[in-house]
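Geometric and topological summary
Here's the letter readout for the chains.
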Amino acid sequence: MACNARVVQGGSRGMGSGLEARGGLPLPRGRKSALVHASTSEEAVVGSGGAEDAKTPRLVKAALGQPVDRAPAWMMRQAGRYQKAYRDLSAKYPGFRQRSETTDLIVDITLQPWRSFKPDGLILFSDILTPLNAMGIPFEIDESKGPIIDDPVTQLSDLDKIHAIEFDKVSFVGEALSILRDEVKSAEDVPAILGFVGAPWTLATYVVEGKSTNAYKVIKCLCDSSPEVMHALLQKLADSIALYCDYQIESGAQSIQIFDSWGGQLPPAMWDKFSGPYIKHIVSHVKQKYPNVPLTLYAQGCGGLLERMQDTGVDVIGLDWTLDMGDAKKRLRSDISVQGNVDPAKLFSTKEGISQAIDDCIAKAGQGRHVLNLGHGVMVGTPEENVAHFFEYNRQFGKYNK
């Protein structure tokens, strides 16, 4: 699923004293009050990741094709169970929903890898399913089975219950992003605060299947038997996800990653009908308001979709580890930045092996327009010292030639 967490639902917060201890930061409670870092779209371009910002993070510059001294680095799922700090916190707060719906816990977990490794990007601890509950699509979490939606969409009438996203039900997202921006703004090397969303097709797989799947039989059959249902559902999702991107940017996110996690499961012709157009809808909406806030599109198994992905209008294409970085660069336009794509399994290797993988990735990506990352999320059991080596090696030896 998504990068730093598995699933989020609802809108509980709690731990109010922790928020007050942070200096009385005004907290967003809904769509309008969330404009903490950008009261207008013009201000958002500067204050929320625009190129004119005096302290524009290295990651934002690289994504937009501006000069940088080295490739910025972060990792998908860089906050999670491989870290002792996360496991210790989880023992104290065992419910995933509590951890992912409580503002102070979201902030603390998001900052754990910052304290340990100082990555160039901090991605919000959340999940792609977060907005569904706020759209009238409730779900539950089974600790062994994952997300469960009891009333999946099968016909047009099922769409009546789905409404535009209600931001008071995801206020913990806006609150956490605002706090995170303030927490790191005085750092010597300021990291980018990253928000993220799920692409409509990927969200629809859960809404239609009612659970996680590795076959996608139900939704693919629905595309053939009732395409009008699929397109109506995808449009509803796209409309709300576009607004959710706005909300995250206005709350403090300086870049947004769109996860079409299961888009790679579609044949290209189906992706052209049921995924690509709805990603384009989101990108067009966001770029009209925030042209200098970089958008990244990641799809696992995207080898057959690269050229299509760049045509969505995003700034950055996230590559999984099965693609050769050099081959991908040749297939993409020169005005497209890339992200990735070290094999996550390399982090179980020797430090020499990790270093070689970084060198190979950076050499093939070229100098500029590259965000160093894994080709997928950090795996459970990954040694923390190897994650530390990944970041430190890039800082020390990843400098571009002048």
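Below or above, wherever it landed, is the structure these notes cover. Note that the coordinates shown come from a computational prediction; the quantities given were computed from them, not determined experimentally.

Between its terminal C-alpha atoms helix α8 (residues 171–184) stretches 21 Å, which fits the 20 Å expected from 14 residues at 1.5 Å a residue. Extensive coverage of α8 is indicated by the burial of twelve of its 14 residues. Taken together, the buried positions of α8 are occupied by Ser171, Phe172, Val173, Gly174, Glu175, Ala176, Leu177, Ser178, Ile179, Leu180, Arg181 and Val184.

Moving on: the environment of Pro147. Structurally, Pro147 can be placed in strand β3 (residues 146–148). The sequence separation of Pro147 and Lys211 amounts to 64 residues, and the corresponding C-alpha distance is 5.6 Å.

A few words now on the pattern of salt bridges. One pass over the full model with this rule turns up 23 salt bridges. Among the salt bridges present, the one from Arg331 reaches Glu307, with a minimum N-O distance of 2.8 Å. Taken as a pair, Arg331 in helix α15 (residues 325–331) and Glu307 in helix α14 (residues 306–310) lie far apart in primary sequence, 24 residues in all. The exposure class of Glu307 is partly exposed, given its relative accessible area of 31%. It is possible to trace a salt-bridge network through shared partners that takes in Arg58, Asp69, Arg70, Asp120, Asp189 and Lys399.

Side-chain alternation along strand β6 (residues 295–298) places Leu295 and Leu297 on one buried face and Thr296 and Tyr298 on a second face that is also buried. Across four bridges, the pairing between strand β5 (residues 255–259) and β6 is parallel. Among the inter-strand pairings, Gln257 is bridged to a residue of β6, identified as Thr296. For β6 and strand β7 (residues 316–318), the ladder comprises three bridges, and the chain directions are parallel. Along β7, the bridge assignment pairs Thr296 with Val316.

Quick notes on the rules
- All residue numbers refer to position in the chain's written sequence, counted from 1.
- With the structure being a predicted model, the display of local features is reserved for residues of pLDDT at least 70 and the display and counting of side-chain atom pairs for 80 or more, all residues being used for whole-chain, interface and lining totals.
- Just so you know, side-chain values use all the structure's heavy atoms and leave hydrogens and water out.
- Only runs of H or I of at least four residues qualify as helices and only runs of E of at least two qualify as strands under DSSP, and these elements are numbered from the N terminus.
- Multiplying one less than the number of residues by 1.5 Å gives the expected span of a helix.
- Residue burial is assigned from relative accessible area. The probe radius is 1.4 Å, only protein chains are included, and a residue is buried under 20% of its type maximum, exposed over 50%, and partly exposed in between.
- Take a side-chain nitrogen of Lys or Arg and a carboxyl oxygen of Asp or Glu: if they are within 4 Å of each other, that pair is a salt bridge.
- If DSSP finds at least two bridges between two strands, the strands pair.

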